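Observations on chain architecture
Here are the chains, one letter per residue:
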Amino acid sequence: MEWRSSVTTAGKLMFLISTLMLLASTTNAHNITHILAQFPEFSTFNHYLTVTHLAAEINRRQTITVCVVDNAAMNSLLAKHLSIYAIKNVLSLHVLLDYFGAKKLHQITDGTVLSATMYQATGSAPGTSGFVNITDMKGGKVAFGAEDAGTLDASFVKSVKEIPYNLSVIQISKILTSPEAEAPAPGPAGMNLTDVMSAHGCKVFADTLSGTDAEKTYMGNIEGGLTVFCPLDDAFKKFLPKFKNLTADGKNSLLLYHGIPIYQSISSLKSNNGPMNTLATDGASKYDFTVQNDGEQVTLITKVVTAKITGTLFDEQPVAIYTIDKVLLPKELFKADISPAPAPTPEAKAPKSSKKNHHASPPAPDASSDSGPSPADGPDGDAADQTADNNDAGGSRFKSGGMVLSVALGLLSGLSML
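Values in this document were obtained by computation on a predicted structure and should not be read as measured data.

1. Considering the packing of aromatic side chains
When we look at a pair of aromatic rings, we describe it by the centre distance and by the angle of the planes. Under the criterion given, the structure shown has 11 aromatic pairs. Taking the centre distance of 5.8 Å and the plane angle of 85 degrees together, the rings of F229 and F289 count as edge-to-face. Of this pair, F229 sits in strand β8 (residues 226–231) while F289 sits in strand β11 (residues 289–294), and the two are 60 residues apart along the sequence. F289 sits in the buried class, given a relative accessible area of 1%. Through pairs of rings, three or more aromatic residues link up here, namely F205, F236, F239, F243 and F334.

See the structure below:
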């Protein structure tokens, strides 16, 4: 009897484990770069999703369709020698803010539909230039065209990946051309970020940033898109004693932590709750914070402090600068009591900085240490090769954990009655 009972219990446990593994595999959020990495013919398109930082935006959204083109079609776009700003606008036109699987494309009401795109969502697309016309043609052909171009010169080729009603990746025959999307960047040329900040209540932060490697990183991101969260003078002045106690790497990382490598209008920030990577994000060093809004108020939440956006200092795509009421304190450098991370002892062996990195990350924890990880040791539990886009997917996976736990408890309860 005891032998039979043990076999039955083992069977129940195996069934429960298998079910949990199945559920876990279905709750992961989408990751567009990982999906496209399986198809070499889309490698150029995938590369520019990363370069333009569109991948992270795609991963944060639900109910979306990405119209990819193969490498040959991308070459026709690159031959125009557009700025990275214009390339981002064109690719944004290929991200539809609705779900269009292969079946839905052939069942369009009245045969045609206008779909809003991520380009439209930026707020910089004039008129209807941010919309794509999708028309179900005779003979089963589905045509696509940018609304402002007035032509339907691209067609549906095949479905690449479908996660029903969440993400659809489809291939179309050619790039959707748009005069407005391809227009030269209207953003400021050769602007001096620190001068702009100094003149509008952020002089202390600007003076601290001026002449540093972090400033070079900020300036290098202007063309591709940059958003800066600038602490007001009173806030940063009070923080200066703690800033001075940081290591050189820590100071650099903290300054970079106040910028994100993408343009975000205030309307976009109000509609995009969730984790946001920063200029300090590098491999295993997360250095992210959470954007959360309540009506018109946008807050930036780290594990240590919550700061509010108090005003718009500058907003001209591709650059936005917002004032905040507190200094953003990353958990990689500060504990909850905002004690600065101590400098490494002479005996500690700090890893050499990679020349490829745009900044030096804080020293990694000593693997032989008996003590547990502290906030100063860096983020825990993530692989060293973590990229910006798969970090964005983490929030959705966490939210789905409750469903897995609920189902597991229900299964366990049912099995116990057998």
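2. Brief notes about the pairing of strand β5 (residues 142–146)
β5 sits mainly inside the fold: five of its five residues count as buried. Neither face of β5 is left uncovered, since the one carrying V142, F144 and A146 and the one carrying A143 and G145 both have all their residues buried. Strand direction decides the pairing type here: strand β4 (residues 131–136) and β5, joined by five bridges, are antiparallel. Residue D136 lies in a different strand from β5, and its bridge partner there is V142. What sits between β4 and β5 in their antiparallel hairpin is a turn of five residues, with G139 showing a positive phi close to 80 degrees.

3. Some words on the side chain of H30
With respect to the helices and strands, the residue H30 is situated in the loop between α1 (2–26) and α2 (32–36). Of note is the side chain of H30, whose polar atom sits 3.0 Å from the backbone oxygen of I58. Here the side chain of H30 touches R61 through a polar contact of 3.2 Å, landing on its backbone oxygen.

4. Some words on the confidence of the model for the protein
Residues of the protein with pLDDT of at least 70 account for 72%, and the chain-wide mean is 78. Taken element by element, the protein is modelled with least confidence in helix α15 (residues 388–392), mean pLDDT 38, and with most confidence in strand β1 (residues 64–68), mean pLDDT 97. Counting contacts from residues 20–28, a segment whose pLDDT is below 50, to residues more than four positions away or on other chains yields nine contacts. Predicted confidence for residues 345–405 stays below pLDDT 50, and this span has 86 contacts to residues more than four positions away or in other chains.

5. Focus on the pairing of β8
With six of six residues buried, β8 lies mostly within the body of the structure. Side chains of β8 alternate between two faces, with L226, V228 and C230 and T227, F229 and P231 buried alike. Two elements, β8 and strand β14 (residues 319–324), share six bridges in a ladder whose sense is parallel. Bridging across to β14, P231 finds its partner in I324. Bridging between β8 and strand β9 (residues 259–260) involves two bridges; their strand directions are antiparallel. Bridge assignment links V228 to a residue of β9, and that residue is G259.

6. A word on the environment of L209
In this fold, L209 is placed in helix α10 (residues 203–209). Accessibility expressed as a relative area gives 0% for L209, which makes it buried. The spacing of L209 and K251 is 42 residues in sequence and 9.6 Å in space, taken between C-alpha atoms. Setting aside residues up to four positions removed in sequence, L209 forms contacts with T194, M197, A214, E215, Y218 and L255.

7. What to know about the sheet that holds β1
One open sheet accounts for seven strands, arranged β2-β1-β7-β6-β5-β4-β3; its pairing is mixed. A single partner strand is all that each edge strand has here, and the edge strands are β2 (95–96) and β3 (112–116). With two bridges connecting them, β5 and strand β6 (residues 154–163) associate as antiparallel partners. Within the sheet, the bridge partner assigned to A143 lies in β6 and is S155.

8. Let's talk about the packing of helix α11 (residues 213–220) against helix α13 (residues 248–256)
Interaxial distance between α11 and α13 falls to 9 Å at its minimum, and their mutual angle equals 30 degrees. The pairing of α11 with α13 is recorded here as roughly parallel in orientation. For the pair α11 and α13, the crossing hand works out as right-handed. Of the residues in α13, those in contact with D213, A214, T217 and Y218 of α11 are N252, L255 and L256. Residue composition of the contact of α11 with α13, by class: four nonpolar, two polar and one charged.

9. With respect to the packing of helix α12 (residues 233–244) against α13
Running from amino to carboxyl end, α12 crosses α13 at an angle of 150 degrees, the nearest separation of the two axes being 10 Å. By the angle between their axes, α12 is roughly antiparallel relative to α13. Taking contact as the criterion, the partners of F236, F239, F243 and K244 in α12 are, on α13, K251, L254 and L255.

10. Overview of the environment of A73
Its place among the elements puts A73 in helix α5 (residues 71–78). A relative accessible area of 8% means that A73 is categorised as buried. Along the sequence, A73 and I175 sit 102 residues apart, while their C-alpha atoms lie 6.3 Å from each other. For A73, the contacting residues outside a window of four places in its chain are S173, K174 and I175.

11. Thoughts on the sheet that holds β14
The seven strands are arranged β9-β8-β14-β13-β12-β11-β10 in an open sheet whose pairing can be described as mixed. Looking at strand neighbours, the two that pair on one side only are β9 and β10 (274–276), the edges of this open sheet. The pairing of β11 with strand β12 (residues 297–301) spans five bridges and is antiparallel. Counterpart to D294 in the pairing with β12 is Q297.

Cut-offs applied
Residues numbered from 1 in each chain as written. Predicted model: local features only at pLDDT ≥ 70, side-chain atom pairs only at ≥ 80, totals over all residues. Heavy atoms only, no water. Phe/Tyr/Trp six-rings, centres within 6.5 Å; stacked < 30°, edge-to-face > 60°. Helix = DSSP H or I, 4+ residues; strand = E, 2+ residues; numbered from the N terminus. Buried < 20%, exposed > 50% of the residue type's maximum accessible area, 1.4 Å probe, protein only. Pairing = 2+ DSSP bridges. Polar contact = N/O pair within 3.5 Å; in protein donor to acceptor, adjacent residues only side chain to side chain. pLDDT = per-residue confidence, 0-100. Contact = heavy atoms within 4.5 Å. Axes fitted to C-alpha atoms, helices over the stretch in contact; angles between N-to-C directions. Parallel < 35°, antiparallel > 145°, perpendicular 65-115°, else oblique. Left-handed = near helix turned anticlockwise from the far one by under 90°. Nonpolar A, V, L, I, M, F, W, Y, C, P; charged D, E, K, R; others polar.

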